[in-house]
Amino acid sequence: MLPEGLTPEVLALVLVAALAAGWIDAVVGGGGLLQLPALLLVPGMSPVQALATNKLASIFGTTTSAVTYYRRVHPDLRTAFPMAGVALVCSFAGASVAAALPASVFKPVIVVALIAIAAFTVLRPSLGEVTALRHSGRRHHGVAAATGAGIGFYDGILGPGTGSFLVFAMVSLLGYDFLNASAKAKIVNVATNLGALLFFAPYGAVFWGLGLLLGAANTFGAYLGARTATARGSRFIRVVFLVVVTALIGRVGWDVWTENLRPLLS
């Protein structure tokens, strides 16, 4: 079904945003920066409905990019699959919290984390150029599972920037290069989207018709983005990563200003 009051102009806008979001998500994550705010422009759509519909659309894009990366990069599934399983469960848990807590509670922490990530990446030019695993054996899989749990929970609560957080964690904590980190991040991101969707769907929060339309646009963008990333390699992904993180800082920082700081100063 489609939301009442959805005009052709707004539909065209959200479809373009979904296509661009698919490309960004496939390269480095952070497509929610475009897709989620675009959904909030739909008349009568609540934040929870926008988040739920965004998850449905994003599953198509992340699945497409995950398959494309697998065919071209062949990521190690022994790390990605267990990490994805933990992330799915924690994303479901995060979505249950999202129904009760306002996003403004988490946004100041997210801004600080994004600034730290951007600074760390800029100050370490060699970060993510080549794969040099930090751990081995059970410790490697333990760190991966903890990363999947934390970021999966975040994706269920809020979402935007999840792919970027996953890529950075796999580069900095696990030691993958940006290309392999992006390939694994897509597999985990499919699971986090699915976990949140499994919570939201029974409550009727998903606009299925709109979500499927956005999913088609997201799929096309994701296919193009994954092919671009695998062709251009880790250095290209690193540059896009910094651009997306900077944009996320600006977008979420503005929300913090309007929702948290400006009311205190007025």
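Residues numbered from 1 in each chain as written. Predicted model: local features only at pLDDT ≥ 70, side-chain atom pairs only at ≥ 80, totals over all residues. Heavy atoms only, no water.

## Brief notes about the overall build of the chain
Secondary structure assignment for the chain yields ten helices and zero strands. On C-alpha atoms alone, the chain measures out to a radius of gyration of 17 Å, which is about the 18 Å that the 2.2 N^0.38 rule sets for 266 residues. Dimensions of the chain, computed from C-alpha atoms along their principal axes, come out at roughly 50 × 45 × 30 Å. Each of the 266 residues in the chain was classed as buried or not, and the buried ones make up 53%. Long-range contacts, defined as pairs at least 24 residues apart, comprise 83% of the intrachain contacts of the chain with a sequence gap of at least 6. Charge centroids of the chain, computed over 17 positive and 9 negative side chains, lie 12 Å from each other. (Helix = DSSP H or I, 4+ residues; strand = E, 2+ residues; numbered from the N terminus. Rg over C-alpha atoms; globule rule 2.2 N^0.38 Å. Buried < 20%, exposed > 50% of the residue type's maximum accessible area, 1.4 Å probe, protein only. Contact = heavy atoms within 4.5 Å. Lys, Arg positive; Asp, Glu negative; His and termini not counted. Charge placed at Lys NZ, Arg CZ, Asp CG, Glu CD.)

## Section: the packing of helix H9 (residues 208-232) against helix H10 (residues 234-265)
Running from amino to carboxyl end, H9 crosses H10 at an angle of 125°, the nearest separation of the two axes being 6 Å. Taken together, the axes of H9 and H10 lie oblique to each other. Between H9, through Thr228, Ala229 and Arg232, and H10, the contact on the second element is made entirely by Ser234, Phe236 and Ile237. (Axes fitted to C-alpha atoms, helices over the stretch in contact; angles between N-to-C directions. Parallel < 35°, antiparallel > 145°, perpendicular 65-115°, else oblique.)

## Some details on the pattern of salt bridges
Evaluation of the coordinates by the stated rule reveals three salt bridges. With its nearest N and O atoms 2.5 Å apart, the salt bridge here joins Asp155 to Lys55. Of this pair, Asp155 sits in helix H6 (residues 137-157) while Lys55 sits in helix H3 (residues 47-73), and the two are 100 residues apart along the sequence. Both residues of the pair, Asp155 and Lys55, belong to the buried class. (Salt bridge = Lys/Arg side-chain N within 4 Å of Asp/Glu carboxyl O.)

## Considerations on the environment of Leu114
Tracing the backbone through its elements, the reader meets Leu114 in helix H5 (residues 107-123). C-alpha of Leu114 to C-alpha of Ala247: the two residues are 133 residues apart in sequence and 9.9 Å apart in space. Not counting residues within four places of it along the chain, the set of residues in contact with Leu114 comprises Phe165, Val245, Leu248 and Ile249.

## A look at the environment of Leu127
Secondary-structure assignment places Leu127 in the loop between H5 and H6. On the basis of relative accessible area, Leu127 is assigned to the buried category, the value being 4%. Distance from Leu127 to Ser96, taken between C-alpha atoms, is 35 Å for residues 31 residues apart in sequence. Beyond its immediate chain neighbours, meaning those up to four positions away, Leu127 contacts Phe120, Thr121, Arg134, Phe168, Val171, Ser172, Phe178 and Arg238.

## Thoughts on a nonpolar patch on the surface
Judged by side-chain polarity, Trp254, Trp257, Leu261, Leu264 and Leu265 come together as a nonpolar surface patch covering roughly 590 Å² of accessible area. Among the structural elements, Trp257 can be located in helix H10. Its relative accessible area of 32% is what places Trp257 among the partly exposed residues. (Patch = residues over 30% accessible without salt bridge, like charges linked within 9 Å, V, L, I, M, F, W, Y side chains within 5 Å. Areas by Shrake-Rupley, 256 points an atom, 1.4 Å probe, with all protein chains shown as cover.)

## Thoughts on H5
In a regular helix each residue adds 1.5 Å, so 17 residues correspond to 24 Å; H5 covers 24 Å between its end C-alpha atoms and thus fits that length. Listing the buried residues of H5 in full gives Lys107, Ile110, Val111, Leu114, Ile117, Ala118 and Thr121. Down the axis of H5, the smallest arc covering the buried residues is 130°, so these residues share one side. When the buried face of H5 is taken as reference, the exposed residues oriented beyond 90 degrees from it are Val109, Val112 and Leu123. Those residues of H5 that are buried are in contact with H6, helix H7 (162-174), helix H8 (178-200) and H10. (Expected span 1.5 Å × (residues − 1). Arc of directions from axis to C-beta.)

## Examining helix H2 (residues 32-39)
A large share of H2 lies buried, amounting to six of its eight residues. If you check which residues of H2 are buried, you get Gly32, Leu33, Gln35, Leu36, Ala38 and Leu39.

## Looking at the packing of aromatic side chains
Tallying each qualifying case throughout the model produces eight aromatic pairs. Their ring planes at 85° and their centres at 5.5 Å tell us that Phe92 and Phe199 sit as a pair that is edge-to-face. Here Phe199 lies in helix H8 and Phe92 lies in helix H4 (residues 77-98), a separation of 107 residues in the sequence. Look at Phe199 and you get buried, because its relative accessible area is 11%. Centroid distance Phe120 to Phe168: 5.8 Å. Interplanar angle 85°. Geometry classified as edge-to-face. A residue pair is termed long-range when its members are at least 10 positions apart, and Phe120 in helix H5 and Phe168 in helix H7 qualify at 48 residues. Given the relative accessible area of 33%, Phe120 is considered partly exposed. With relative accessibility at 12%, the residue Phe168 sits in the buried group. Joined through ring pairs, the aromatic side chains of Phe92, Phe199, Phe200 and Tyr203 make up one cluster. (Phe/Tyr/Trp six-rings, centres within 6.5 Å; stacked < 30°, edge-to-face > 60°.)

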